[in-house]
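Below are the chains, spelled out letter by letter.
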Amino acid sequence: MNTVTATAAAGTRPVRIVYFAWVRERVGLPEETLDIPTDLTTIADLVRWLKARGEGYETAFADETVVRAALDHVHAKPQARLGAAREIAFFPPMTGG
Amino acid sequence: MFSPLVRIQREDFSLQDEIDALSAGRADIGAVVSFTGLCRDEAGTLAALELEHYPGMAEAEIARVANEAASRWPLLGLVAIHRYGLVKPGEQIVLVLAASAHRRAAFEAADFMMDYLKTRAPFWKREHRADGTLGGWVEAKGEDDDAARRWE
């Protein structure tokens, strides 16, 4: 057994996080792949974790009730479980049509 | 059963071409209802709308809404086309076509499609102003959420 690999596998997993519109502008990135702690259970948990990463995230998620999320291209509520989602998106309320 | 046609594209579209494609070679359709959304100039203050979208999810979400419409009404065809990129005042942004044997199903399905498309399809509009400045992101309207809730 490789000790380093075992430690990494136990604590984090990589997810692709994508941002759109003013959430993208405030975070300062269109997308990133982050190793997130495996003990983050819900979208709301992930948002709290992201907000601790810096001012851009803090500004983007200042009003957590406004920012919407999707797990693997499907709309999801803040209390939805992250499960094995590989791509998590954050964006403002939609204004298409 | 039919598969709804969903297209997300930068290019413009032709209403007549889409109706022709939908109805070609068949005589069971008695009604086609179309909705076309256009870019307003906002009393001359707007130079263009920039439409950002979430590739992959935009197609998937509109297809989910279209499949729901197909399960709720006796439709014979459904088309949804949404543009992205820069759209100028007077240009077309979105098209919905609903086809059925009788008009009521087509009217209701097209109305339903637009209400859900506005509140669920991952698109965001930003204004480019006529004075050359970049405007803000268009804010979502509560009335659009209310309209979508009519169908619950």
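As annotated in an unreviewed UniProt entry, chain B carries the name Molybdopterin synthase catalytic subunit and is attributed to Bosea robiniae. Quoted verbatim from the Sequence similarities (unreviewed entry) field of UniProt, the annotation for chain B is "Belongs to the MoaE family." UniProt, in its Function (unreviewed entry) section for chain B, records the words "Converts molybdopterin precursor Z into molybdopterin. This requires the incorporation of two sulfur atoms into precursor Z to generate a dithiolene group. The sulfur is provided by MoaD."

Chain A has the name Molybdopterin synthase sulfur carrier subunit in an unreviewed UniProt entry, where Bosea robiniae is given as its organism.

Positionally, G11 of chain A belongs in helix α1 (residues 3-11). Sequence-wise, G11 of chain A and I36 of chain A are 25 residues apart; in three dimensions their C-alpha atoms are separated by 8.2 Å.

Sheet strands pair via backbone hydrogen bonds, and the direction of the pair is either parallel or antiparallel. Residue and element names in this part refer to chain A. The 5 strands are arranged β2-β1-β5-β3-β4 in an open sheet whose pairing can be described as mixed. In the strand order of this sheet, the two ends are held by β2 (31-37) and β4 (74-76), each with one partner. Within this sheet the neighbouring strands show an average axis-to-axis angle of 35 degrees, counted without direction. Bridge analysis of strand β3 (residues 68-71) against strand β5 (residues 87-91) gives 4 bridges, and the strand direction is antiparallel. For L71, the partnering residue across the bridge sits in β5 and is I88.

All names here are of chain B. Closest axis-to-axis distance for the helix α3 (residues 103-120)/helix α4 (residues 142-149) pair is 9 Å, and the angle between their directions is 130 degrees. It follows that α3 is oblique to α4 by the angle criterion. Between α3 and α4 lies a crossing whose hand is left-handed. Touching D115, Y116, K118 and T119 of α3 are D144, D145, A147 and A148, all from α4.

What follows is about the interface of chain B and chain A. The extent of an interface is frequently quoted as the accessible surface area lost upon association of the parts. Facing the 21 residues of chain B at the interface are 14 residues of chain A. Those elements giving two or more residues to the side of chain B that touches chain A turn out to be α2 (57-72), α3 and β7 (123-129) of chain B. Among the elements that make up the side of chain B that touches chain A, the one with the highest residue count is α3 of chain B (5 residues). Classifying every residue of the side of chain B that touches chain A by side-chain character gives 13 nonpolar, 4 polar and 4 charged.

Conventions adopted
- Residues numbered from 1 in each chain as written.
- Chains lettered and ligands numbered in written order.
- Predicted model: local features only at pLDDT ≥ 70, side-chain atom pairs only at ≥ 80, totals over all residues.
- UniProt positions renumbered as here; feature names shortened; annotations may be inferred.
- Helix = DSSP H or I, 4+ residues; strand = E, 2+ residues; numbered from the N terminus.
- Pairing = 2+ DSSP bridges.
- Axes fitted to C-alpha atoms, helices over the stretch in contact; angles between N-to-C directions.
- Parallel < 35°, antiparallel > 145°, perpendicular 65-115°, else oblique.
- Left-handed = near helix turned anticlockwise from the far one by under 90°.
- Contact = placed C-beta atoms within 7 Å.
- Nonpolar A, V, L, I, M, F, W, Y, C, P; charged D, E, K, R; others polar.

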